[in-house]
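Secondary and tertiary structure notes
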Amino acid sequence: MTRTITPRAARPLVLLLLAVAGLLLAGAGPAAAHAALTGSDPQQGVVVPQAPAQVSLTFSEQVAMGDDSLRVLDPAGKRVDTGKPANISGTTYAVRLRGGLAKGTYTVTYQVISADSHPVGGAYTFSIGAPSKTSVVTGGQEVGGGLVGLLYGVGRYASYAGFIVLAGGAVFVLACWQRGAGVRAVQRLVVSGWLTLTTATLALLLLRGSYTTSGKAGDIVDLDLLGQVLQTKTGAALVSRLLLLAAAALFVAVLFGVYEKREDEEKRDLTFGLAIGGTVVAAGLAASWAMAEHASVGLQPGIAMPVDVVHLLAVAAWLGGLAALLVALYRAPADRPVEPAAVRRFSRLAFGSVVALIATGVYQSWRQLGSWSALTGTRYGQLLLVKVALVLVLVAIASFSRRWTARLAEAAADRAAVKTGKAAVKAGAAKAGAGAGKADRAAGKAGAASAKAGGKSRTKETAKAAVAESSAASAPDSAEGSAKTSAKASAKKPAKAPVEAAATGKQATGAAAKGKQATEAAAAGGDARRAAQLARQRAAMDAARLKRQRDADPNRSGLRRSVLAEAGVAVVLLVVTTVLTQTEPGRTVEEAAAATSSSSSSSSSSSAGTVTLDMPFDTGGQNGKGVVRLDIDPARVGGNEMHLYVQRPDGKAFDVPEVKVAFTLTAKSIGPLPVAPDHITTGHWAASGVEIPMAGDWQVAVTVRTSDIDQVTVTKNAQIG
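A brief report on the enclosed structure follows.

About the criteria used
Along each chain, residues carry numbers from 1 onward, in the same order as the chain's sequence is written. Note on the predicted model: pLDDT of at least 70 is required for a residue's local features to be given, and 80 or more for side-chain atom pairs to be given and counted; whole-chain, interface and lining totals, by contrast, use all residues. Heavy atoms from the whole structure form the basis of all side-chain values; hydrogens and water molecules are not counted. Strand pairing requires that DSSP identify at least two bridges connecting the strands. Every helix listed is a DSSP run of H or I at least four residues long, and every strand listed is a run of E at least two residues long, numbered separately from the N terminus. The axes are straight lines fitted to the C-alpha atoms, using for helices just the contacting stretch, and the angles between their N-to-C directions are given from 0 to 180°. Angular relationships are summarised with four words: roughly parallel below 35 degrees, roughly antiparallel beyond 145, roughly perpendicular across 65 to 115, and oblique for the angles in between. We call a crossing left-handed when the near helix sits turned anticlockwise from the far one by less than a right angle, and right-handed when that turn is clockwise. Contacts are assigned to residue pairs that have any heavy atoms within 4.5 Å of one another. Ten residues, namely Ala, Val, Leu, Ile, Met, Phe, Trp, Tyr, Cys and Pro, are considered nonpolar, four, namely Asp, Glu, Lys and Arg, are considered charged, and the remaining ones, Gly among them, are considered polar. Criterion for a salt bridge: a side-chain nitrogen of Lys or Arg within 4 Å of a carboxyl oxygen of Asp or Glu. Burial classes: relative accessible area under 20% of the type maximum marks a residue as buried, over 50% as exposed, and values in between as partly exposed (1.4 Å probe, protein chains only). By convention, a stacked pair of Phe, Tyr or Trp rings (six-membered ring in the case of Trp) has centres within 6.5 Å and planes under 30 degrees apart, an edge-to-face pair has planes over 60 apart, and any other such pair is tilted. Definition used: whenever NZ (Lys) or CZ (Arg) falls within 6 Å of the ring centre and also within 35 degrees of the ring normal, the charge is taken to sit over that ring.

Thoughts on the pairing of strand S18 (residues 711–720)
- By the bridge criterion, 10 bridges tie strand S17 (residues 696–705) to S18 in an arrangement that is antiparallel. Residue Gln699 lies in a different strand from S18, and its bridge partner there is Asn717.
- Here S17 folds back onto S18, and the loop between the two strands holds five residues.

Structure follows, in structure tokens:
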């Protein structure tokens, strides 16, 4: 007996895959900024002799700013900026400062929205005259995190999943299995996709204001924030998605209403109309993502947005159709199973979708990465490699599904051939039996005619003999005949009484028959419900028998297993794709790092006698990568000022649990001389009076600890004196 996977047995596997997907989504963290800070004036960590008139920030792309998006705080944490931030040129934005600022360390904080709809936040410091301690805490400047960020990420995942199930399920019904329009399980799947996408879109619209500003749960129902969201590009995209979902509801109603009730011949014209209308609605829904995210900014947006639409439609046709096929294999009624021909049609559709995904994915990867180094050196590139690996696994499993489909089709063809042969044998036997029956009937008619002719001749001879005998005996018997005649006449009179009695008996018998019919009618009425119940039981038994026969097919069982495995991998793939859309593209990360490096070089060259060292590090743990920048001023024998900055790979300042510095002059066997810098603000440490006893080529070792167990020491040489 072939072992099959039942829906009940498949539930633990599906729940496990959903749990893995949830962990991946929960571990995604805050949405990574897609616009990076590439420059500032004053620059990060610089000490300027006089207070500047304004502070300007330059980003990798245009951003949206509010009244409080750019702030400057003095060492006591009080705001010293005046007026609203302004776009002074291109991607550079500035805010003016009050006059007469005192010496000390000032903190610049910014919180903006990038052109691809993601929030961007950060902070850095500069000093006027000389560095000082500051009371400003910028650790909470990370935007897009917390409970609101998690809910927003879940909403994004749900919206992608709903769109894929809605569009892909409809494509499967129209292009692969039109009989599936009448299957209740398939109807529920597509309708659930519409409900999920609609609910997620409404949730994203409400969460958007808090997600891009305060991150507080109480601001979700803030109508003022909602009004501001509706005026943004993302708000317009979400509203347009809701309007298109209204048209999608009409499409679903026609698909599972009027279309399902039509005959096969009448469905042709309606199929064409539904295909055109559904394609337009699906493309519009896909465009609501393309017009507000990665594809809308950066290189070649006019090409990137249509390519992104095609990419999303291909994903929906493949993964959504896969979900519909899985439901059909497990939940379709026994009298309407999914046919091998429908599975073959979906296999061809999936192959075309994969080809479209490869073509559009290669273009998108080139556009978002820009270099081979970004493929392995950035989080976006690493996630992209994971996505490619999952797609390859999915294609490999799909190849097994194609094999099971071919075997299922061959088995169906063999069964059809056997049925055709049996029908031919039955037809031949029936024809031969009909010929034999005709011959027997002809022989019977001939025998009857012969017997009739012989009977007539014998009757005539017997009659003649009887007449002769009667005439010979008529004379002696005449008296006796008269007596018999009178006796018969007298006997006929008293026979009337029995005849009347017989008539009365017939009437009584008729009344009894009518009573019996009435009793039988009453009994029939009482047994009608019982008969209907028995009919339902027989139908259920027949359906169960057909289901057992269908499930016992090893080819169908193998196809179920492979399709279930595909669906599980697709769930994880969708999570990785959702996280990928929230991650800063590799091209932007590298451009920001290059801009930060060039600004650091120009800063060190403009400050005579100052040595600046940039040392990348990787502790191997979570958030273990970054860059340490060390400034030594004036880099001469005697006392020196030392400033140390810790930055992420994208140039953002961040704190680590511990930083230590040591100086060693190997040529003279001096050192290591330890230095314990003081923490000034986020990502900034400083130490004054650092004594360098001798000129020479000193080795500077910086130890960075990012967790209780993750630590690394990086070194670089600096010429002192």
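Further notes follow.
Digging into the sheet that holds S18
- The sheet built from four strands is open, its strands ordered S14-S13-S17-S18 with antiparallel pairing. The strands lining the two open edges of the sheet, one partner per strand, are strand S14 (670–675) and S18. With strand direction ignored, the average angle separating the axes of adjacent strands in the sheet is 20°.

Some details on the packing of helix H3 (residues 184–212) against helix H8 (residues 301–331)
- For the pair H3 and H8, interaxial distance at closest approach is 9 Å and the crossing angle is 150°. Comparing their axes, H8 and H3 come out roughly antiparallel. With respect to the hand of their crossing, H3 and H8 are arranged in right-handed fashion. Contact residues: H3 offers Ala185, Val186 and Leu189, while H8 offers Ala323, Ala324, Val327 and Arg331.

Thoughts on the packing of helix H7 (residues 267–290) against H8
- Running from N to C, H7 and H8 cross one another at 120°; their axes reach a closest spacing of 9 Å. With respect to H8, the element H7 is oriented oblique. When you trace H7 past H8, the crossing you get is right-handed. In this structure, H7 contributes Ala282, Ala283, Ala286, Ala287, Trp289 and Ala290 to the contact, and H8 contributes Met305, Asp308, Val309, Leu312 and Leu313.
- A breakdown of the residues in the contact of H7 with H8 according to their chemical character gives 10 nonpolar, no polar and one charged.

Thoughts on the pattern of salt bridges
- If you walk through the whole model with that rule in mind, you get seven salt bridges.
- The residue Arg79 makes a salt bridge to Asp81 at a minimum N-O spacing of 2.6 Å.
- Among the salt bridges present, the one from Glu658 reaches Arg705, with a minimum N-O distance of 3.0 Å. Of this pair, Glu658 sits in strand S13 (residues 658–665) while Arg705 is found in strand S17, placing the two residues 47 residues apart along the sequence.
- Here the residues in one salt-bridge network are Asp68, Arg79 and Asp81, joined through shared partners.

Digging into unusual backbone geometry
- A cis amide bond links Asp41 to the next residue, Pro42, at an omega of 0°.
- Among the secondary structure elements, Pro42 is positioned in the loop between strand S1 (37–41) and strand S2 (47–48).
- Geometrically, the link from Gly671 to Pro672 is a cis peptide bond, its omega value of 5° lying close to zero.
- In this fold, Pro672 is placed in strand S14.
- Phi at Asn623 is positive, roughly 55°, even though this residue is not glycine.
- Summarising the element assignment, Asn623 is placed in the loop between strand S10 (611–618) and strand S11 (625–633).
- Phi angles above zero are rare outside glycine, and Ser669 is one such case at about 55°.
- On the secondary structure map, Ser669 appears in the loop between S13 and S14.
- Among the residues examined, Ser669 registers a relative accessible area of 67% and is labelled exposed.

Points about the packing of aromatic side chains
- Under the criterion given, the structure shown has nine aromatic pairs.
- Ring centres of Phe59 and Tyr110 lie 5.7 Å apart, and the angle between their planes is 70°; this geometry places the pair in the edge-to-face category. Linking Phe59 in strand S3 (residues 54–59) with Tyr110 in strand S8 (residues 104–114), this pair joins segments that are 51 residues apart in sequence.
- Residue Tyr110 is classed as buried on the basis of its relative accessible area of 4%.
- Plain terms: the ring middles of Tyr160 and Trp289 are 5.2 Å apart, the flat faces sit at 15° to each other, and that makes the pair stacked. Of this pair, Tyr160 sits in helix H2 (residues 146–176) while Trp289 sits in helix H7, and the two are 129 residues apart along the sequence. Residues Tyr160 and Trp289 agree in their burial class; the two are buried.
- Aromatic ring contacts, followed pair by pair, group Phe59, Tyr93 and Tyr110 into a single cluster.
- Lying across the ring of Phe654, Arg648 places its NZ or CZ 4.4 Å from the centre.

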